[in-house]
Amino acid sequence: MMNCAKSIRRVLVLSKHIQGAQVSSPVSFLSKMRLARCFSSAGVVGDDVLFERIGGAGIITLNRPSALNALNLSMIKKIFPKIKEWEEDPATTMIIMKGSGGKAFCAGGDILSITEEGKKGNYEAGQEFFRSEYQLNYRIATCLVPYIAFIDGITMGGGVGLSVHGENRICTERTLFAMPETAIGLFPDVGGSYFLPRLSKHLGMYLALTGFRLKGRDVYKAGVATRMVHSTILPQLEQDLVAMENPSTQDITDLLRKYHEECQTGRERDYLILRDKEEDIKRMFCAASVEEIFENLRSDGSEWALEQLSVMEKMSPTSLKITHRQLSLGESLDLSECLEMEYRMGSQCLRHPDFYEGVRSVLIDKDKSPKWNPATLSGVTEGIVDEHFILPSNGEELQL
């Protein structure tokens, strides 16, 4: 489905390129490159997202370093049309996404504003955020030019959605990846139901339910990143990328591979940190229900198993159950179907008390003592779970 969508859009864009070529001025390619460099639209320092055009490369910089580049609706509304504009420009050779500040690529979605509105009964603010965010995720997944995300630093939630669906994800020794949504009464969205089961069913389920953090080379070894370089080398990599004249996709791939192969950071342990636990994770987390996972962990009784149980007992019981079903369904759906499902789920979470309680506990009061409702797994009935997968009355399905 996703490849089909890409193919249709590619034909439309190519036809526009051909028509445009018939009326283009006789300026040499090199001259065009120089003009693009001279008239790059870099924005101003105070903007929450910066855009720069250097030759054929479009560069997007998330620019909220004091908020760890948390993604808000303003940023989404600017990024979506810019990607569309650039990928439809025949001179565009690549799009690079990165974060400013050195601490984070993007620490997640900025959800405080939508919870404030939701508590007043205004769910449309949250639905608009989810709708726009998921549409951007799909735009990245179907981008017609090479898309390169520098996931240097904290990369969680919404930041994962800005990177994991692109074909090139470059991590560093500073990358910290996690999907911690079950701790705030939500679920691993931004296409989590698509990419998490495809890491491997058991690993994806484990990361989704526990919010476990992957760091550095483990982000690459788990399959979240496609390449790794040292953070100090990223500026040189970017410089070499934008200096390429009319590169093919293979040229870009070859350059990224070269930098990856030269990176020695973390190679002394060239295996996933969870390697020694992978069989345990598979045995305990490949289960038909969250209750069965809890029972598996209790029955195992090892220190590690009980630690995982303790972590999950602090999460929203509702979030755990809807996340388990979400990933179970997602492994057989395409990305568009997953995002449509997640939009229904997000719309329902806006109407559920756990989302607001989780945000209060983790992000506002920071007491980390949420009072979930229902408070136990047994209290989360099949009816409650089913409801999260149905669009609210008078709601409209996500359009991609």
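Only a predicted model underlies this, so the values are computations on that prediction, with no experimental measurement involved.

Q: Please explain unusual backbone geometry as it appears in this structure.
A: Leaving glycine aside, a negative phi is the common case for residues, and trans is the common case for peptide bonds. For the peptide bond that leads from Asn373 to Pro374, omega is 0°, which places it in the cis range. For Pro374, the position within the fold is in the loop between α17 (353–364) and α18 (382–387). At Val190, a position not held by glycine, the phi torsion is positive, near 45°. By the secondary structure assignment, Val190 is in the loop between β8 (176–178) and α7 (192–199). Positive phi outside glycine occurs at Lys366, with the angle close to 55°.

Q: I keep staring at the pairing of strand β3 (residues 94–99) and nothing clicks. Help me out?
A: Across 6 bridges, strand β2 (residues 57–62) lies against β3 in parallel orientation. By the bridge assignment, Gly58 is partnered in β3 with Ile95. With helix α3 (residues 73–87) bridging β2 and its parallel neighbour β3, the resulting β-α-β unit is right-handed. Direction of pairing for β3 relative to strand β5 (residues 147–151): parallel, over a ladder of 3 bridges. Along β5, the bridge assignment pairs Ile95 with Tyr147.

Q: Could you clarify how one ought to interpret helix α10 (residues 234–243) in this entry?
A: Think of an α-helix as 3.6 residues a turn; residues three or four steps apart then line up on the same face. Buried within α10 we find Leu234, Leu237, Glu238, Leu241 and Val242. The arc that holds the buried residues of α10, viewed along the axis, is 125°, so those residues lie on one side. α10 presents Pro235 and Ala243 as exposed residues on the side facing more than 90 degrees away from its buried surface. For α10, the secondary structure elements touched by its buried residues are β1 (49–54), β2, β3, β5, β7 (168–171) and α11 (249–262).

Q: I'm lost on helix α5 (residues 124–141) in this one. Help?
A: With 18 residues, α5 extends 25 Å from end C-alpha to end C-alpha; this agrees with the ideal 26 Å at 1.5 Å per step. Burial of α5 is extensive: 13 of the 18 residues sit out of reach of the surface.

Q: Looking at this structure, how should I read the pairing of β2?
A: Every regular strand shows the same layout, with side chains that alternate between the two sheet faces. Taking burial as the measure, the 6 residues of β2 include 6 buried ones, the bulk of the element. Here β2 shows two buried faces, one formed by Ala57, Ile59 and Thr61 and the other by Gly58, Ile60 and Leu62. Pairing between β1 and β2: 6 bridges, direction antiparallel. Bridged to Phe51 within β2 is Ile60. Counting the residues that bridge the hairpin from β1 to β2 gives 2 residues, and of these Gly55 lies at a positive phi of roughly 60°.

Rules used in this analysis
Residue indices begin from 1 for each chain and proceed along its sequence in written order. Given that this is a predicted model, residues contribute local features only at a pLDDT of at least 70 and side-chain atom pairs are listed and counted only at 80 or more, while totals for whole chains, interfaces and linings are drawn from all residues. Only heavy atoms go into the side-chain values, all of them from the structure, while hydrogens and water stay out. Helix numbering and strand numbering both begin at the N terminus, where a helix is a DSSP run of H or I of at least 4 residues and a strand a DSSP run of E of at least 2. Whether two strands pair comes down to DSSP finding at least two bridges between them. The definition of a right-handed crossover adopted here requires that, viewed with the strands pointing away, the path from the first strand over the helix to the second runs clockwise. Only protein chains enter the area calculation, which uses a 1.4 Å probe; residues under 20% of their type maximum are buried, those over 50% are exposed, and those in between are partly exposed. Our arc is simply the arc of the directions from the helix axis toward the C-beta atoms. Here, two residues are considered to be in contact whenever any of their heavy atoms come within 4.5 Å of each other. Multiplying 1.5 Å by the residue count of a helix minus one yields the expected span of that helix.

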